[in-house]
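Descriptive analysis of the structure
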Amino acid sequence: MTRAIALHDIRAGRERIAGKILATPTVLSPSLTDRTGHPVHLKLEHHQTTGAFKLRGASNAIAALSPQERSRGVVAASTGNHGRALAHAAKLEGMRAVICMSRLVPENKLDAIRRLGADIRIVGNSQDDAQREVDRLVAEEGLVMLPPFDHPDIIAGQGTLGLEIMEQVPDAASVLVPLSGGGLASGVAAAVKGVSPSTKVIGISMARGAAMKASLDAGRPVQVEELPTLADSLGGGIGLDNRLTLAMCRDLLDDVILLSEDEIAAGIRHAYEQEREIVEGAGAVGIGALLAAKIRPSGPTVLILSGRNIDMALHRRIVCGEEPSTAERAA
Ligand SMILES: *Cc1c(COP(=O)(O)O)cnc(C)c1O
């Protein structure tokens, strides 16, 4: 069985990144607890520095580089949050960072990366187009690629979130994880099941372009069309040469479920109105899944609110009930 990243890698990562990331709190949600009849805990990871969990993996991967690699600088393709995390972590170490993004990446995420002093390249209409530019920079300029999910140090860094969850909610029956390339889900599942093998870990993606779900169903990495979605951080493929996360998600996830744009919007609204939390679409899928009753808790449940980097004008429209009409109509 492929278990490329084990509990001890995640524990080592945790020591490496201590002091560079926030250990985020977990709080009980009274509204979701009432609604489901089981304790529902929110892991407030959207309060992480840079606004998303991605800083865990990026910090761990940068900390593991050799002095020679540091001097070359790092490069990555990103839907926004990985790029921002990498730019932040590289800046702390005084390293060069180049972030390659497709035109689908929202302006607010671009601005944040620019402010951190990273070099930005906008290329094409998909993560795959951005990745081709990364490959070119690695070949021609010698930069070190730190990909957003398919890398052992990235996965181990994201897994530190799972260790915190099991300390904060030791009796968790299930943990709900937003799922795109699967770095978060692989790391969290390895940590959670390493500590508590009977705890279920369930991945949640948007129905519009769920590459990991399609790949799990096919038993190999498949390409899906990348479509605009409220959960923009969940867009992009898993890489046709995926090495780690497909096998880890296959072996470790108990289920994967998909949400419509309306269900994601409902999650964002509920987070705001009931929990007083601003989350981006990707961070709201756990709430959306419970509200839609696509997941029915059987005991204490933990939802990861994975990020909050949403365009605030879009957030206002969603809270006012004006979205996601366009995206849904196009579907
Ligand atoms: C990247 C990201 C995800 C998905 O993480 P993967 O490791 O690609 O599965 C979920 N939520 C947010 C906010 C993200 O930035």
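Since the structure is predicted, the reported quantities are computational estimates derived from the model, not experimental observations.

Sheet architecture is open: six strands sit in the order β1-β2-β10-β7-β8-β9, paired in mixed fashion. In the strand order of this sheet, the two ends are held by β1 (26-28) and β9 (255-259), each with one partner. Averaged over all pairs of adjacent strands, the angle between strand axes in this sheet comes to 25°, irrespective of strand direction. Pairing analysis gives five bridges linking strand β8 (residues 200-206) to β9, with the strands arranged parallel. Bridging from a neighbouring strand, Met206 pairs with Leu259 of β9.

Both strand β4 (residues 97-101) and strand β5 (residues 119-122) contribute to a ladder of four bridges, which runs parallel. Bridged to Val98 within β5 is Asp119. In the classification by handedness, the crossover that spans β4, the intervening helix α6 (residues 107-115) and the parallel β5 is right-handed.

What follows covers the nonpolar core. Counting residues in hydrophobic clusters, the biggest one holds 36 residues, and the most contacted among them are Val175, Val177, Val188 and Leu253. Mapped by element, the contributors of at least two residues to this core are α1 (7-17), α8 (152-168), β7 (174-178), α9 (183-195), α10 (211-218), α11 (245-252) and β10 (301-304). In terms of residue count, the dominant contributor to this core is α9 (seven residues). Beyond its immediate stretch of four places on either side in the chain, Val175 contacts Ile165, Val188, Val192, Thr199, Lys200, Val201, Ile202, Val302 and Ile304. Residues Ile202, Ala231, Ile257 and Val285 belong to the second largest nonpolar core, which totals 30 residues.

Time to look at the sheet that holds β5. Taken in spatial order, the four strands line up as β5-β4-β3-β6 in an open sheet, and their pairing is parallel. With partners counted over all chains shown, the strands left at the sheet margins are β5 and β6 (144-145), one partner each. Of the strand pairs in this sheet, strand β3 (residues 74-77) and β6 are connected by two bridges, and their pairing is parallel. Paired with Val74 across the bridge in β6 is Val144. Sheet strands touched by helix α5 (residues 81-92): β3 and β4. Its angle to β3, the strand with the most contacts, is close to 170°. In the packing of α6 onto the sheet, contacts are made with β4 and β5, and the angle to β5 comes to roughly 150°.

As a packed pair, α1 and α9 sit with axes 9 Å apart at the nearest point and diverge in direction by 110°. Taken together, α1 and α9 sit at an angle that is classed as roughly perpendicular. Crossing of α1 over α9 shows left-handed handedness. When α1 is examined against α9, the residues Leu7, Ile10 and Arg11 are found in contact with a partner set consisting of Gly187, Ala190, Ala191, Gly194 and Val195. Residue composition of the contact of α1 with α9, grouped by class: five nonpolar, two polar and one charged.

Next up on the list: the domain arrangement of the chain. Under the domain assignment used here, the chain contains domain 1 (7-52 + 151-330) and domain 2 (55-145). Just the C-alpha atoms count here: the centres of domain 1 and domain 2 sit 22 Å apart. Taken together, the contact pairs 32 residues of domain 1 with 23 residues of domain 2. For the pair domain 1 and domain 2, the two sides together bury roughly 2,300 Å², of which 52% comes from carbon and sulfur. Contact with domain 2 buries area across many residues of domain 1, yet Lys20, Thr50 and Glu226 alone supply 26% of it, more than any other trio.

Basis of the calculations
- Residues numbered from 1 in each chain as written.
- Predicted model: local features only at pLDDT ≥ 70, side-chain atom pairs only at ≥ 80, totals over all residues.
- Heavy atoms only, no water.
- Pairing = 2+ DSSP bridges.
- Helix = DSSP H or I, 4+ residues; strand = E, 2+ residues; numbered from the N terminus.
- Axes fitted to C-alpha atoms, helices over the stretch in contact; angles between N-to-C directions.
- Right-handed = clockwise from strand over helix to strand, strands pointing away.
- Core = buried A, V, L, I, M, F, W, Y, C linked by side-chain atoms within 4.5 Å.
- Buried < 20%, exposed > 50% of the residue type's maximum accessible area, 1.4 Å probe, protein only.
- Contact = heavy atoms within 4.5 Å.
- Parallel < 35°, antiparallel > 145°, perpendicular 65-115°, else oblique.
- Left-handed = near helix turned anticlockwise from the far one by under 90°.
- Nonpolar A, V, L, I, M, F, W, Y, C, P; charged D, E, K, R; others polar.
- Domains from an automatic or database assignment.
- Buried area = accessible area lost by both parts, 1.4 Å probe.

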